[in-house]
Amino acid sequence: AVDGVDLVVEAGETVSVMGPSGCGKSTLLHLLGGLEHPDGGEILLDGRRVDRLSETAWSILRRRTIGFVFQSFNLVDELTAVENVELPALLVGASARRARRRAVELLERLDVAGRADHLPDRLSGGERQRVALARALVNDPLLILADEPTGNLDSRATGEILRLFADRRASGQSLLVVTHAARVASTADRLLTMRDGAL
């Protein structure tokens, strides 16, 4: 699915990846986030080799340094929107008060705070997308991996997310964004095209 990809993403850089369905974009994100393991090659994060980490070590690393925005949201059905957002913060040891404050702050920024107490099945696709994005950002990760982060959003909400991404980039966070949206891709520092597993 991914063949001979050689890629460096610098601190504070946003890289967009475009390409036809099935070309390996999502697999690339999953490899970089430790959700799938490469058959060969190396993956380094902040100078540290991570492709040989155990599942437990990857899990800890992901919680602290990687924010994921999944195309399918991957929200916990039994938790409210605000509980979904605060969960990663609680898992890395934040106090309940600090985790809730940060979660509410992000939901407000993404204009979905009014739905904070709703379960995912009571949210629209766009609202779930914004909750998933807030969850990815709650621990101020070093790297954000986003798979179609604006796929379910209207133009205004897309603009707000692009502004949020710009803020993250200014604070030194790196973003790797898989997208079909030209508007999203055009805001990146670099645009890469993927075909048949290769860049």
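Residues numbered from 1 in each chain as written. Predicted model: local features only at pLDDT ≥ 70, side-chain atom pairs only at ≥ 80, totals over all residues. Heavy atoms only, no water.

This part covers the overall build of the chain. The helix and strand inventory of the chain stands at 7 helices and 7 strands. Listing every helix and strand of the chain by position from the N terminus yields β-α-β-β-α-β-α-α-α-β-α-β-α-β. Relative to the globule expectation of 16 Å for 199 residues, the C-alpha radius of gyration of the chain, 16 Å, shows essentially globular dimensions. Its C-alpha atoms put the chain at 45 × 35 × 30 Å along the principal axes. Counting across all 199 residues of the chain, residues that qualify as buried make up 48%. (Helix = DSSP H or I, 4+ residues; strand = E, 2+ residues; numbered from the N terminus. Rg over C-alpha atoms; globule rule 2.2 N^0.38 Å. Buried < 20%, exposed > 50% of the residue type's maximum accessible area, 1.4 Å probe, protein only.)

The subject of this paragraph is the environment of threonine 158. Relative to the elements of secondary structure, threonine 158 occurs in helix α6 (residues 155-170). A sequence separation of 18 residues divides threonine 158 from aspartate 140, and the C-alpha atoms of the two residues are 20 Å apart. Once residues within four sequence positions are removed from consideration, threonine 158 is found in contact with Thr150, Leu153, Arg183 and Val184. (Contact = heavy atoms within 4.5 Å.)

This part covers helix α2 (residues 55-65). Within α2, the full set of buried residues consists of Trp58, Leu61, Arg62 and Thr65. Down the axis of α2, the smallest arc covering the buried residues is 100°, so these residues share one side. (Arc of directions from axis to C-beta.)

A positive phi angle, close to 55°, is found at aspartate 46, a residue other than glycine. Within the secondary structure layout, aspartate 46 lies in the loop between β2 (44-45) and β3 (48-49). One non-glycine residue, aspartate 196, adopts positive backbone phi at about 50°. Note on aspartate 196: relative accessible area 66%, which makes it exposed.

With 5 of 5 residues buried, strand β1 (residues 14-18) lies mostly within the body of the structure. Both β1 and strand β6 (residues 174-178) contribute to a ladder of 4 bridges, which runs parallel. Of the residues in β6, the one forming a bridge with valine 15 is leucine 176. Pairing analysis gives 4 bridges linking β1 to strand β7 (residues 190-193), with the strands arranged parallel. Among the inter-strand pairings, serine 16 is bridged to a residue of β7, identified as leucine 191. (Pairing = 2+ DSSP bridges.)

Once that is clear, we can look at the packing of aromatic side chains. Overall, the coordinates contain 1 aromatic pair when judged by the stated rule. Ring geometry for phenylalanine 68 versus phenylalanine 70: centroids 4.8 Å apart, planes at 10°, classification stacked. For phenylalanine 68, a relative accessible area of 9% translates into the label buried. (Phe/Tyr/Trp six-rings, centres within 6.5 Å; stacked < 30°, edge-to-face > 60°.)

Before going further, it helps to spend a moment on the pairing of strand β4 (residues 66-69). If a strand is regular, its side chains alternate between the two faces of the sheet. Judged by which residues are buried, β4 turns out to be covered on both faces: Ile66 and Phe68 on one side and Gly67 and Val69 on the other are all buried. Both β4 and strand β5 (residues 143-147) contribute to a ladder of 4 bridges, which runs parallel. Considered in β5, the bridge of phenylalanine 68 is made with leucine 145.

This part is about the nonpolar core. Among the nonpolar cores identified, the biggest contains 34 residues, and Val85, Leu107, Val131, Leu133 and Phe165 are the most heavily contacted of them. Looking at this core, the elements that each hand over two or more residues are α3 (81-91), α4 (96-109), α5 (125-137), β5, α6 and β6. Broken down by element, this core gets its largest block of residues, 6 residues, from α5. The contact partners of valine 85, leaving out residues within four places of it in the chain, are Ala103, Leu107, Val131, Ala134, Arg135 and Val138. In this structure, Val15, Val50, Trp58 and Leu145 belong to the second largest nonpolar core, which totals 21 residues. (Core = buried A, V, L, I, M, F, W, Y, C linked by side-chain atoms within 4.5 Å.)

Structurally, the position occupied by alanine 146 is in strand β5. Sequence-wise, alanine 146 and alanine 113 are 33 residues apart; in three dimensions their C-alpha atoms are separated by 21 Å. Apart from the residues lying within four places of it in its own chain, the contact partners of alanine 146 are Leu29, Val69, Phe165, Leu176, Val177 and Val178.

Looking now at the side chain of threonine 80. Following the sequence through the fold, threonine 80 ends up in the loop between β4 and α3. With sequence-adjacent residues up to four places away left out, threonine 80 is seen in contact with Ala116, Asp117, His118 and Leu119.

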